[in-house]
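Report on the structure
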Amino acid sequence: MQPLTSDNNGSGDASSRRQFLGVSALSGAAGFLSEAVSAKAATSASSNVAGAGFDPDLVLLIDRITGGFSLADYQYAESLGYDAYLAEQLNYETLIGANDPALQAKLVDYDIQNMSSLEILIAYNPMNMSFNPLRQATTIQIMWQVYGRAQLYYRMFQFWNQHLNIDINSSTTQRFILWAFLRDKVLANAMTSVPELIQASSQGAAMLFYLNNNTNVASAPNENYAREVMELHTLGVDNGYTQTDIEELARILTGWSVCLSAGGCSGGTYEYGDFRFITGTHDTGDKMLLGNLIQGQSGAAGMNEGIEAITILTEHPNTADYISRKLCRHFLGGINYSYDPPEDVVQMVKWTYLNSNPIGDIRSMLSVMLQKDVLTNASTPKFRRPLDLTTSSLRAVGADLSVSSPGFLSLLSFYMDSMGMHPNFWGPPNGPFDSKTWSEGGAIPRWSYLDALSRGSLTDVVIFSVTNLLISVNASAPGTQAQGLNELLTGGRMTQKEVEAIQDFIGFGTASESRLKEALGLAMSLPTYQFI
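All of the points below concern the structure found in this document. Please read these numbers as outputs of a predicted model, since none were measured by experiment.

About the cut-offs
- Residues numbered from 1 in each chain as written.
- Predicted model: local features only at pLDDT ≥ 70, side-chain atom pairs only at ≥ 80, totals over all residues.
- Heavy atoms only, no water.
- Salt bridge = Lys/Arg side-chain N within 4 Å of Asp/Glu carboxyl O.
- Helix = DSSP H or I, 4+ residues; strand = E, 2+ residues; numbered from the N terminus.
- Buried < 20%, exposed > 50% of the residue type's maximum accessible area, 1.4 Å probe, protein only.
- Phe/Tyr/Trp six-rings, centres within 6.5 Å; stacked < 30°, edge-to-face > 60°.
- Lys NZ or Arg CZ within 6 Å of the ring centre and 35° of its normal.
- Disulfide = S-S within 2.5 Å.
- 1 Å grid on protein atoms, 1.4 Å probe; cavity = no way out; pocket = protein on both sides within 12 Å on 5 of 7 lines; lining within 4 Å.
- Points joined across faces, edges and corners; volume = space filled by probe spheres on them.
- Nonpolar A, V, L, I, M, F, W, Y, C, P; charged D, E, K, R; others polar.
- Core = buried A, V, L, I, M, F, W, Y, C linked by side-chain atoms within 4.5 Å.
- Contact = heavy atoms within 4.5 Å.

Here the structure, examined in full by the defined rule, presents 18 salt bridges. With its nearest N and O atoms 2.9 Å apart, the salt bridge here joins Glu 343 to Arg 325. Note that Glu 343 is positioned in helix H17 (residues 343-355) and Arg 325 in helix H16 (residues 317-332), a separation of 18 residues in sequence. Take Glu 343: its relative accessible area is 39%, and that puts it in the partly exposed class. A residue is classified by how much of its surface remains accessible, and Arg 325, at 21% relative accessible area, is partly exposed. Measuring nitrogen to oxygen at the nearest pair gives 2.9 Å for the salt bridge that ties Lys 382 to Asp 434. Taken together, the residues Lys 382 in the loop between helix H19 (372-378) and helix H20 (386-396) and Asp 434 in the loop between helix H21 (410-419) and helix H22 (443-455) connect sequence positions 52 residues apart. By relative accessible area, which is 5% here, Lys 382 ends up buried. If you follow the salt bridges from partner to partner, you end up with Asp 321, Arg 325, Glu 343 and Lys 350 in one network.

With that settled, the discussion passes to the packing of aromatic side chains. Tallying each qualifying case throughout the model produces 16 aromatic pairs. A centroid spacing of 5.3 Å and a plane angle of 80 degrees characterise the contact between Phe 383 and Phe 531, whose relative ring orientation is edge-to-face. Here the residue Phe 383 occupies a position in the loop between H19 and H20, and Phe 531 occupies one in the segment after helix H27 (527-530), the gap between them amounting to 148 residues. Across the pair, Phe 531 and Phe 383 agree in class, each one buried. Of the aromatic side chains, those joined through ring pairs into one cluster are Tyr 92, Trp 144, Tyr 153, Tyr 154, Phe 157 and Trp 179. Positioned over the ring face of Tyr 529 is Arg 384, at 4.4 Å from the centre of the ring.

Where two cysteines share a covalent bond between their sulfur atoms, that bond is called a disulfide. Throughout the structure, instances matching the rule amount to 1 disulfide. Each disulfide pairs two cysteine sulfurs, and for Cys 259 the partner residue is Cys 265, the sulfurs being separated by 2.2 Å. Taking the torsion about the S-S bond as the criterion, the Cys 259 to Cys 265 disulfide, at about 90 degrees, is right-handed. For the pair Cys 259 and Cys 265, one class covers both residues: buried.

Turning to the layout of surface pockets, a few remarks are in order. One water molecule sets the probe size; rolling that probe over the atoms shows where empty space is left. Of the volumes computed, that of the second largest pocket is approximately 290 Å³. Taken together, 16 residues line the second largest pocket, and the ones lying closest to its centre are Lys 326, Asn 430, Gly 431, Pro 432 and Phe 433. A per-class count over the lining of the second largest pocket returns 7 nonpolar, 5 polar and 4 charged.

Core analysis: the biggest nonpolar cluster contains 155 residues, and Met 156, Trp 160, Leu 249 and Leu 394 have the highest contact counts within it. With 8 residues, helix H8 (residues 131-147) is the single largest residue contributor to this core. Leaving out residues up to four positions away in the same chain, Met 156 has contacts with Ala 190, Met 191, Leu 327, Phe 331, Ile 362 and Leu 366.

Below is the structure:
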């Protein structure tokens, strides 16, 4: 961890964090994250501080379905009640667009929002400014998760974005075409159904280009997309398909291509960034996929083969199991930190997938796993992944993100990169992993980020007053500040030992703003905050 800076009164020093963590029974940076798993497991059964009487079920719901706990969101949810708040989040349509003026005000300067891929290319390619749409695409996602009212909707966007991962930095072309894919394919279908989502992604230029299906032709089939659509998007790794199925699906998807000509394709029928089906490169012979005969078709009808194949894959029981298990892992965690969610809940969600109308209805599956009895009784603590740590910390302190072109949260992006997770900067197509692996190393970059945020050294974040934050929860008096941080950051989840350690660090006299900033960073470094 980088040393903390001292204030004029000398209340902060380079050893502050080490001393504090010693008080908190953590043995140092090298072993912190792995030991935190054991520490959290040991303390999770102990009594948390009662504080202001937070409803732990509602705190858990907010932690799991939003970009991170915020006191404002909790108070709003409390006014509705658990079920009504969840219902509102599931019916997100009333929370977006003009119904979310605060978010819209934050996004007003992001010109790519409604642009087509061609318009983005025209705006930024001639000036050699491809990094501009790249930065905008990633920063808009942060804004959604920090400020958006439709928190579950944006969290589901991020879940599917990672499920259908595309590295925006894999080529200059992706910087121009990915945004339309994220907006029109992923966000637009984040709460529809799995078949609709996968069908949409299969006709997304960014996906086909990323996985080389634009070079998949009858004379030289390319199996890359066919393999990944079964391994990563539907059935799961080695889950009911063979190499022959991959080869047959590649044949089915021959001709599924993209237009990457700035002047358009096929005499102007397609513009830059459009999906297009090229009849002349499609294999018209019969194919077999998972035991199903798919009759070869010629001409424009040949595209129906691919649609039929995606339907077979997305309606398959193995896909239902794979997606249900992944969703349960994301929202519920897993037994003994193994990230294996309870089997009975997985099977309940799988049954819902196969029997909902439409099949694979996302909202129906979420309704099952997020109902109070299931979420409360089946959840175990999950370690915050870097993106979640970033958004949750910003939400907890009510951060005002200050974006200046062409920076687009450049310093915040630097810290996310150093922690290992940044929207659409994951190289391989498998997407950022959702496992306890994140807890097995990397303490220093996480602490460095939290240190920078709490001290006000992030140029992307307007400097905020911890004193004022504590005043907002009536916790500015000596001896009350640690409990105030507990309420602001975790909704009362911290253990008594953690609260006492923070207060001991602050002291019981008048505390300077600098000391309170250090305490904020330290509180966010403790096991309870590192887990949700």
